[in-house]
Amino acid sequence: MPDRDAEFGEYLDSRAVVMRRTAFLLSGGDWHRAEDLVQTTLAKIYVAWPRLNREGGVDAYSRKVMVRSAIDESRRAFRRRENVVERLPEVGVDPVGVDDAVDVRRALALLPVGQRAVVVLRYWEDLSVAETAQALGKSEGTIKSQAAKGLAALRKHLADGRILVEGQR
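By the naming in an unreviewed UniProt entry, the protein goes by RNA polymerase sigma-70 factor, sigma-E family and is assigned to Actinokineospora terrae. Word for word, the UniProt comment on the protein under Sequence similarities (unreviewed entry) is "Belongs to the sigma-70 factor family. ECF subfamily."

Right under this line is the structure:
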């Protein structure tokens, strides 16, 4: 009988980088929240490991757990704080020297968590509409709609050229 911890360790070694990147995108570009999300996901996977190992589909299960955990985390009251200010901060308009990937990540962080989850799974994880629907427990029509709305919002944020710096929303 194979050692559960050794098998889990091998899985973790092979998928840790991908899980961290996906969690980073799902958490709106916050590495601290991404690390927490990965830890939560790994704890849930470890508990279910004997069942998953026999049935296969560990990657699909881990994505599903990660997305649902990100959505659950975003619903907590302490995550919904708003900073009210009298005037909006001035934002620089000169994008010279700024990596496009940073702008996309910042724009992605501005999306609602559901749209962000769909966009990340569809276009980062390269899942099909059906696979994304299954991972999120939604209909394929909902996935198509959320993907279209998410992409439109990303385009708008990027076209505005006013992507806010980290910590400002």
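Next, the rest of the story.
**Student:** Help me get a handle on the packing of aromatic side chains, residues and values and all.
**Tutor:** Two numbers describe a pair of aromatic rings. These are the distance of the centres and the angle of the planes. For the coordinates displayed, the defined rule picks out four aromatic pairs. Both rings, one in Phe-8 and one in Trp-49, keep their centres 5.4 Å apart while their planes meet at 85°; by these two values the pair is edge-to-face. Taken together, the residues Phe-8 in helix H1 (residues 4–26) and Trp-49 in helix H2 (residues 31–55) connect sequence positions 41 residues apart. The exposure class assigned to Phe-8 is buried, which follows from its relative accessible area of 11%. Look at Trp-49 and you get buried, because its relative accessible area is 4%. Ring plane angle 25° and centroid distance 4.1 Å describe the contact between Phe-24 and Trp-31, whose orientation is recorded as stacked.

**Student:** Requested: an account of the packing of H1 against helix H3 (residues 58–74), with residues and values cited.
**Tutor:** Running from N to C, H1 and H3 point in directions that differ by 30°, and their axes come no closer than 11 Å. It follows that H1 is roughly parallel to H3 by the angle criterion. Crossing of H1 against H3: the hand is right-handed. When H1 is examined against H3, the residues Tyr-11, Arg-15, Met-19, Thr-22, Ala-23 and Leu-26 are found in contact with a partner set consisting of Val-58, Asp-59, Ser-62, Met-66, Val-67 and Ala-70. Among the residues forming the contact of H1 with H3, the class breakdown is eight nonpolar, two polar and two charged.

**Student:** Hey, could you go over unusual backbone geometry for me, with residue numbers and the actual values?
**Tutor:** For Asp-126, which is not glycine, the phi torsion reads 60° and is therefore positive. Within the element layout of this structure, Asp-126 appears in the loop between helix H5 (113–124) and helix H6 (129–136). Judged by its relative accessible area of 65%, Asp-126 is exposed.

**Student:** Summarise H6; cite the residues concerned and give the values.
**Tutor:** Because the α-helix completes a turn every 3.6 residues, residues three or four places apart line up on one side. Within the sequence span of H6, burial applies to Val-129, Thr-132, Ala-133, Ala-135 and Leu-136. Projected onto a plane normal to the axis of H6, the buried residues spread over an arc of 165° and lie on a single side. The inward-facing, buried residues of H6 abut H3, H5 and helix H7 (140–160). Note on H6: the residue one or two positions beyond its end, Gly-137, has a positive phi of about 70°.

**Student:** An account of the side chain of Ser-62 is needed here, citing residue identities and associated values.
**Tutor:** Among the secondary structure elements, Ser-62 is positioned in helix H3. The contacts of Ser-62, once residues within four sequence positions are left out, are Tyr-11, Met-19, Thr-41 and Ile-45.

**Student:** Tell me about the side chain of Arg-122, and name the residues and values.
**Tutor:** Its place among the elements puts Arg-122 in helix H5. Within the buried set, Arg-122 has no salt-bridge partner at all; the shortest N-O distance to an opposite charge, 5.9 Å, is to Asp-126. Every residue in contact with Arg-122, bar those within four places of it in the chain, is listed here: Leu-127, Ser-128, Val-129, Thr-132 and Ile-143.

Rules used throughout
- What you see as residue numbers is a count from 1 along each chain, following the sequence as written.
- Selection of residues for local features in this predicted model requires a pLDDT of at least 70, selection of side-chain atom pairs for listing and counting requires 80 or more, and totals for whole chains, interfaces and linings are taken over all residues.
- Note: side-chain values were computed over all heavy atoms of the structure, leaving out hydrogens and water.
- UniProt positions are given in the numbering used here, feature names are shortened, and annotations may be inferred rather than shown by experiment.
- Pairing of aromatic rings covers Phe, Tyr and Trp, the last counted by its six-membered ring, and requires centre-to-centre distances within 6.5 Å; plane angles under 30 degrees mean stacked, over 60 mean edge-to-face, and any other angle means tilted.
- Secondary structure elements are defined from DSSP: runs of H or I of at least 4 residues count as helices, runs of E of at least 2 residues count as strands, and each element is numbered from the N terminus.
- Each residue's exposure class comes from its accessible area (1.4 Å probe, protein chains only) as a fraction of the maximum for that residue type: buried when under 20%, exposed when over 50%, partly exposed otherwise.
- Fitting a line to C-alpha atoms yields each axis, with helices limited to the stretch in contact; the angle taken between N-to-C directions then spans 0 to 180 degrees.
- In these notes the angle categories are as follows: under 35 degrees is roughly parallel, over 145 is roughly antiparallel, 65 to 115 is roughly perpendicular, and the rest is oblique.
- Here a crossing is taken to be left-handed if its near helix is turned anticlockwise relative to the far helix by less than a right angle, and right-handed if that turn runs clockwise.
- Here, two residues are considered to be in contact whenever any of their heavy atoms come within 4.5 Å of each other.
- Amino acid classes used here: Ala, Val, Leu, Ile, Met, Phe, Trp, Tyr, Cys and Pro are nonpolar; Asp, Glu, Lys and Arg are charged; the rest, including Gly, are polar.
- The arc under discussion is defined with respect to the helix axis, by the directions toward the C-beta atoms.
- When charges are counted, Lys and Arg contribute as positive and Asp and Glu as negative, whereas His and the chain ends are disregarded.
- Salt bridges are identified by distance alone: a Lys or Arg side-chain nitrogen within 4 Å of an Asp or Glu carboxyl oxygen.

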